[in-house]
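Residues per chain, in single letters:
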Amino acid sequence: MASEPGEPTATRGPSPTPGRHDPSLGRPDWRRVVAVFWLTSMVEGLGVSQVFSYLAPYLRIVGVPDTDRAAFVGLFSALVFVVGMPLVPLWGVWADLYSRKAVIARSALVEAVVFGCVALSREPWQLAVSVLLIGFQLGNTGVMLAAIRDVVPSARIGTLIAMFGVAGPIVMAVGPALGALLVDGLGWSLSAMFWVSAALSVGTAALVWFGAAEVRPEVVLRGRVLPLAYGALRGVLGDPAVRRIFAIYGVAFLASQMSRPYQSLIVEHLVGTGPGLTSSIGFVAGPAALAGAVISPLGGVVGDRIGFRPVLLTALLIGGTALLAVPLLPTVPALALAVVAFTAANGLVGAMVFSLLATEVPAERRSQTLNLVYLPLYGAGIIGPAVGGALAGPFGAGAPFWAGAAVFLVGAVVVALRVHPRRAAVAVGG
């Protein structure tokens, strides 16, 4: 393909992923790569889940009046993505051009700084700045997904990508549950809990750097960084099939980000503000996330056999129905069951989206597309909490859940009507 002067050019090295000869078998060290990245994603999600789960009680600690906390929850949750979203295309390009490992380890080190700053926050503005810094740690998950796609056996892409995605649901359980143990069980402060996450993040930076070999893209685009970064955006937005898949992922995350920050307020409404609040939040978030962790890999296995779209449609329908029920339930155990269903469905949506992109995007655009796969999350992360905050203020903490349910169900309709396989699917492995 001819290129204009100064435009990116594609190069295919003799062995971009050393040791990989047959895409159907994968690279010999693929198990190590998946394990290292799985643990890295686990630790990142651990701290982030604690920030979101305990943001409402932490806002009280830093002095935000109870009457203003719902609005502050939405505002602070959106701040996470304000800085990170414009940088995501750049991290992907730097990873492809120079080193995926360096970009992933950078994210882990930034996490340590972020969680330390949250632990040190004693004023609302300090907490706001700390949450804003989370934006600088974004951009690593898409890079890890692209690397996993380049090393795993082609016949197991759906299953292994779903297993990688399971790290998120697991830490959504472990993070709040660990917080409940440390705070209610051992008498630690919330600040001490965040210091633990900071220390673990330093450990994962070392694990990535020393524990896994570099994984180079199958096709590397050469050129200036900014044209490459925003050329990748144009490529994603210019492909109707990819654009629709990204839109579905954005819909799922919009529903999640619109409602999840208010989960702790629903729990607080049921149990009050006494000493058992932290444990109740952990109970609701814990079983729900673990159920998602169990179901998501099973969805990948089913998707490998019957197709990813039927599983995606089913997950969207279940998730929307579960969100409708959350504000109506009278007890914490019933609330936990509804959150189980939604979290499991949301995990399946992500696994199916990743699998569709990994198997249908041409090799020359695959790494760029997977690097940007969380871009819908970041957009939804800005819009969702803001909309949730606008609804929760006048209409109560249940309103974001009903709005999120509507968004999820609209996504199901779009999948049913518009998202279809490519007429000439690209062979797995490029």
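Rules used in this analysis
Residues numbered from 1 in each chain as written. Predicted model: local features only at pLDDT ≥ 70, side-chain atom pairs only at ≥ 80, totals over all residues. Heavy atoms only, no water. Helix = DSSP H or I, 4+ residues; strand = E, 2+ residues; numbered from the N terminus. Buried < 20%, exposed > 50% of the residue type's maximum accessible area, 1.4 Å probe, protein only. Contact = heavy atoms within 4.5 Å. Areas by Shrake-Rupley, 256 points an atom, 1.4 Å probe, with all protein chains shown as cover. 1 Å grid on protein atoms, 1.4 Å probe; cavity = no way out; pocket = protein on both sides within 12 Å on 5 of 7 lines; lining within 4 Å. Points joined across faces, edges and corners; volume = space filled by probe spheres on them. Nonpolar A, V, L, I, M, F, W, Y, C, P; charged D, E, K, R; others polar. Patch = residues over 30% accessible without salt bridge, like charges linked within 9 Å, V, L, I, M, F, W, Y side chains within 5 Å. Salt bridge = Lys/Arg side-chain N within 4 Å of Asp/Glu carboxyl O. Core = buried A, V, L, I, M, F, W, Y, C linked by side-chain atoms within 4.5 Å. Expected span 1.5 Å × (residues − 1). Polar contact = N/O pair within 3.5 Å; in protein donor to acceptor, adjacent residues only side chain to side chain. Lys, Arg positive; Asp, Glu negative; His and termini not counted. Phe/Tyr/Trp six-rings, centres within 6.5 Å; stacked < 30°, edge-to-face > 60°. Lys NZ or Arg CZ within 6 Å of the ring centre and 35° of its normal. Axes fitted to C-alpha atoms, helices over the stretch in contact; angles between N-to-C directions. Parallel < 35°, antiparallel > 145°, perpendicular 65-115°, else oblique. Arc of directions from axis to C-beta.

S.K.: If you had to explain the overall build of the protein to someone new, which residues and values would you point to?
M.R.: Each helix and strand in the protein was counted, giving 18 helices and two strands. Within the protein, buried positions represent 58% of all 430 residues. Across the protein, the fraction of contacts at a sequence separation of at least 24, relative to all contacts at a separation of at least 6, is 85%. When the accessible surface of the protein is split by element, carbon and sulfur atoms take 71% of a total near 16400 Å².

S.K.: Lay out the layout of surface pockets with the relevant residues and their values.
M.R.: Counted as a void, the second largest pocket has a volume near 180 Å³. Along its surface, the second largest pocket is lined by Met85, Leu233, Val236, Leu237, Arg243, Phe246, Ala247, Gly250, Val251, Leu375, Pro376 and Gly379. Every element with two or more residues in the lining of the second largest pocket is listed here: α10 (225–238), α11 (240–259) and α17 (375–395). Considering every element that reaches the lining of the second largest pocket, the biggest residue donor is α11, with five residues. Each residue belonging to the lining of the second largest pocket can be placed in one class, and the counts come to nine nonpolar, two polar and one charged.

S.K.: Lay out a nonpolar patch on the surface with the relevant residues and their values.
M.R.: Judged by side-chain polarity, Leu181, Leu186 and Trp188 come together as a nonpolar surface patch covering roughly 310 Å² of accessible area. Along the polypeptide, Leu186 turns up in the loop between α8 (167–185) and α9 (190–211). You can call Leu186 exposed: its relative accessible area is 53%.

S.K.: Quick rundown of the nonpolar core? Include the residues and the values.
M.R.: Counting residues in each nonpolar core, the largest one holds 117 residues, and the members touching the most others are Phe37, Leu127, Val349 and Leu357. Considering every element that reaches this core, the biggest residue donor is helix α15 (residues 332–360), with 15 residues. With residues up to four places along the chain from it excluded, the contact list for Phe37 reads Ile104, Met144, Ala147, Ile148 and Phe164.

S.K.: Lay out helix α4 (residues 100–120) with the relevant residues and their values.
M.R.: Across its 21 residues, α4 extends 31 Å between first and last C-alpha, which sits within 8% of the 30 Å expected from 1.5 Å per residue. Within α4, 15 of the 21 residues are buried, which leaves it mostly tucked inside the rest of the structure. Capping of α4 at its N-terminal end is provided by Ser99; its side-chain oxygen lies 3.4 Å from the backbone amide nitrogen of Lys101.

S.K.: Describe the side chain of Lys101, with residues and values.
M.R.: Looking at where Lys101 falls in the secondary structure, it is placed in helix α4. No salt bridge is formed by the buried Lys101, whose closest oppositely charged neighbour, Glu214, lies at an N-O distance of 5.6 Å. A distance of 3.0 Å separates a polar atom in the side chain of Lys101 from the backbone oxygen of Ala212. Not counting residues up to four positions away in its chain, the partners in contact with Lys101 are Val208, Trp209, Ala212, Ala213 and Glu214.

S.K.: Would you mind going over the packing of aromatic side chains in detail, with residue names and values included?
M.R.: For any pair of aromatic rings, the description consists of the separation of the ring centres together with the inter-plane angle of the planes. Overall, the coordinates contain one aromatic pair when judged by the stated rule. Measuring from centroid to centroid gives 5.6 Å for Tyr58 and Phe194, while their planes differ by 85 degrees, and the two rings are edge-to-face. Linking Tyr58 in helix α2 (residues 55–61) with Phe194 in helix α9, this pair joins segments that are 136 residues apart in sequence. On the accessibility criterion, Tyr58 (3% relative accessible area) is buried. Here Phe194 falls in the buried class, since its relative accessible area comes to 2%. For Lys101, the ring lying beneath its charged end belongs to Trp209, and the centroid distance is 5.2 Å.

S.K.: If you had to explain the pattern of salt bridges to someone new, which residues and values would you point to?
M.R.: Counted by the stated rule, this structure contains three salt bridges. With a shortest N-O distance of 3.6 Å, Arg60 and Glu268 are connected by a salt bridge. Note that Arg60 is positioned in helix α2 and Glu268 in helix α12 (residues 263–271), a separation of 208 residues in sequence. Across the pair Asp96 and Arg100 runs a salt bridge whose closest N-O atoms are separated by 3.8 Å. Summarising the burial analysis for this pair, Asp96 and Arg100 share the class buried. Taken together, the salt bridges that share partners define one network made up of Asp96, Arg100 and Asp150.

S.K.: Kindly report on the packing of α10 against α11, identifying the contributing residues and their values.
M.R.: In the contact formed by α10 and α11, the axes pass within 5 Å of each other and the chain directions differ by 90 degrees. Classified by the angle their axes make, α10 and α11 are roughly perpendicular. Here Val236, Leu237 and Gly238 of α10 lie close against α11, whose contacting residues are Pro240, Val242, Arg243 and Phe246.

S.K.: Explain helix α5 (residues 124–133) residue by residue, including any values.
M.R.: For α5, the complete set of buried residues consists of Leu127, Ala128, Ser130 and Val131. The buried side chains of α5 occupy one side of the element, clustering within an arc of 165 degrees when seen end-on.

S.K.: Before we move on, can you summarise the environment of Leu375 with the specific residues and values?
M.R.: Tracing the backbone through its elements, the reader meets Leu375 in helix α17. A sequence separation of 286 residues divides Leu375 from Pro89, and the C-alpha atoms of the two residues are 8.7 Å apart. Excluding residues within four positions of it along the chain, Leu375 makes contact with Met85, Val88 and Leu233.

S.K.: How would you explain the environment of Gly185 if you had to name every residue and give the values?
M.R.: Structurally, the position occupied by Gly185 is in helix α8. For Gly185, a relative accessible area of 53% translates into the label exposed. C-alpha of Gly185 to C-alpha of Ser279: the two residues are 94 residues apart in sequence and 8.7 Å apart in space.

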